[in-house]
Amino acid sequence: MGQLHLLWLGIAILAPMAGAAFVARIHDWRRAQRRAIIFSGVALACTIGAWIDFAWLRDAQAEDHRSLVGNLFGGSPLSIDEFSAPLLPMGALVYLVTMLSAVRSKARRFSFAWTLISESILLSMFSCRSPWGVIALLALSNIPPLWELHARRKPLRVFAIHMAAFVAMLVAGWIGVEQALPGAPPTWAIILLTLAILLRCRIAPLHVWLTDLFDHASFSTSLVFVAPMAGPYGAVRLLLPVAPDWALRTVAVVSLFTAVYAAGMALVQRDARRFFCYLFLSNSALVLAGFEIATPLGLTAA
């Protein structure tokens, strides 16, 4: 099969971006939805094809170092490994289901074009192993919800401040890690990276931006921002390879506390938005807790 899975992956990333440019010109909501579903469906089919082809190769990792598509995203080649291969179709499926379930009553709140752009960013991130590429794509993933909040004239200060702090700590922490190579990273760099990951993964008490997002953004936008697990992916690519045992234990403890706290909060919610908000919060905390094991079995279970 050669490098066919990398071709599938390139199409999966480019299809939503091309779809966004096409859908943005359509003013009829129902027609825009149909076109967005087609482009998102193409992305899902291609990610499934990439996963199947990669599985047939039976390689731990496959990369494309030469292709133009491979160098478009994150400043790094396209890459699929045993961790990212199943995440790609999962992320594409979340977007497709969200677009299928969008209702006309939310037409003025939900943008199919920006959702397709968000999908392309997510698939690019799941296809990137370069630390700076992952950091850049995590930062870019904040733009679609910020744009929606601004366009709808909703409060965006809480979300913007938290995401700005997340990006700043992530960048500063990784600079400290790189400057220390090949030695052990300094403690301050590990602390910044850990705080950044805990913030993006909405671990208590750094989760207030999540409830604010669900309160003010459309439910569909909030869903595609939190459901595909971009934060835990960043933890695996950035924190897990360099974190000492004390950092992983700290992440596991606070994540388990958050999982219990969020599950309890979900049980007493009367508002559907808040219920799903805390449900996703509990789920992501359990996923992050599994990383402390730092074994293939633990990552698979997470």
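Residues numbered from 1 in each chain as written. Predicted model: local features only at pLDDT ≥ 70, side-chain atom pairs only at ≥ 80, totals over all residues. Heavy atoms only, no water.

S.K.: What's the story with the packing of helix α7 (residues 157-180) against helix α8 (residues 187-200) in this structure? I'm lost.
M.R.: A pair of packed helices can be characterised by two numbers: the angle between their axes and the separation between those axes. One way to put it is that α7 packs onto α8 with a least axis distance of 8 Å and a crossing angle of 150°. Considering the angle they form, α7 stands roughly antiparallel to α8. At the point where α7 passes α8, the crossing takes the left-handed sense. Across the interface between the two elements, H162, M163, A165, F166, M169, L170, A172, G173, W174, G176 and V177 of α7 pack against W188, A189, L192, L193, L195, A196, I197, L199 and R200 of α8. (Axes fitted to C-alpha atoms, helices over the stretch in contact; angles between N-to-C directions. Helix = DSSP H or I, 4+ residues; strand = E, 2+ residues; numbered from the N terminus. Parallel < 35°, antiparallel > 145°, perpendicular 65-115°, else oblique. Left-handed = near helix turned anticlockwise from the far one by under 90°. Contact = heavy atoms within 4.5 Å.)

S.K.: Whenever I open this one, the side chain of D212 confuses me. Can you help?
M.R.: Looking at the secondary structure, you find D212 in helix α9 (residues 208-216). As a buried residue without a salt bridge, D212 has its nearest oppositely charged side chain in R274, at a separation of 7.6 Å. Aside from chain neighbours lying at most four places away, what touches D212 is P155, V158 and F159. (Buried < 20%, exposed > 50% of the residue type's maximum accessible area, 1.4 Å probe, protein only. Lys, Arg positive; Asp, Glu negative; His and termini not counted. Salt bridge = Lys/Arg side-chain N within 4 Å of Asp/Glu carboxyl O.)

S.K.: In this structure, what is going on with the packing of helix α5 (residues 131-140) against helix α11 (residues 230-239)? I would like to understand it.
M.R.: It is at 10 Å that the axes of α5 and α11 come closest, and there the two elements cross at 160°. Here α5 is positioned roughly antiparallel relative to α11, judged by the angle of their axes. The way α5 lies across α11 gives a crossing that is left-handed. Taking contact as the criterion, the partners of P131, V134, I135 and L138 in α5 are, on α11, A230, Y233, G234, R237 and L238.

S.K.: In this structure, what is going on with the environment of I48? I would like to understand it.
M.R.: Within the secondary structure, I48 sits in helix α2 (residues 29-57). Separated by 45 residues in the primary sequence, I48 and L93 place their C-alpha atoms 10.0 Å from one another.

S.K.: What exactly am I supposed to notice about the side chain of S118 here?
M.R.: Structurally, S118 can be placed in helix α4 (residues 112-126). Residue classification places S118 among the buried residues on the basis of a relative accessible area of 11%. Setting aside anything within four residues of it in sequence, one finds S118 in contact with Y95 and P144.

S.K.: Sorry if this is basic, but what is going on with the pattern of salt bridges here?
M.R.: Oppositely charged side chains can pair when the atoms bearing their charge come close. Evaluation of the coordinates by the stated rule reveals 4 salt bridges. Note that R129 and D81 form a salt bridge whose closest N and O atoms lie 2.4 Å from each other. Here R129, found in the loop between α4 and α5, pairs with D81, found in strand β2 (residues 78-81); they are 48 residues apart in sequence, far enough to count as distant. Accessibility expressed as a relative area gives 5% for D81, which makes it buried. Salt-bridge contacts for D81 lead to R237; the nearest nitrogen and oxygen are separated by 2.8 Å. Of the two residues, D81 sits in strand β2 while R237 sits in helix α11, which places them 156 residues apart along the sequence. Counted as one network, the salt bridges with shared partners bring together D81, R129 and R237.

Structural measurements only, silent on function.
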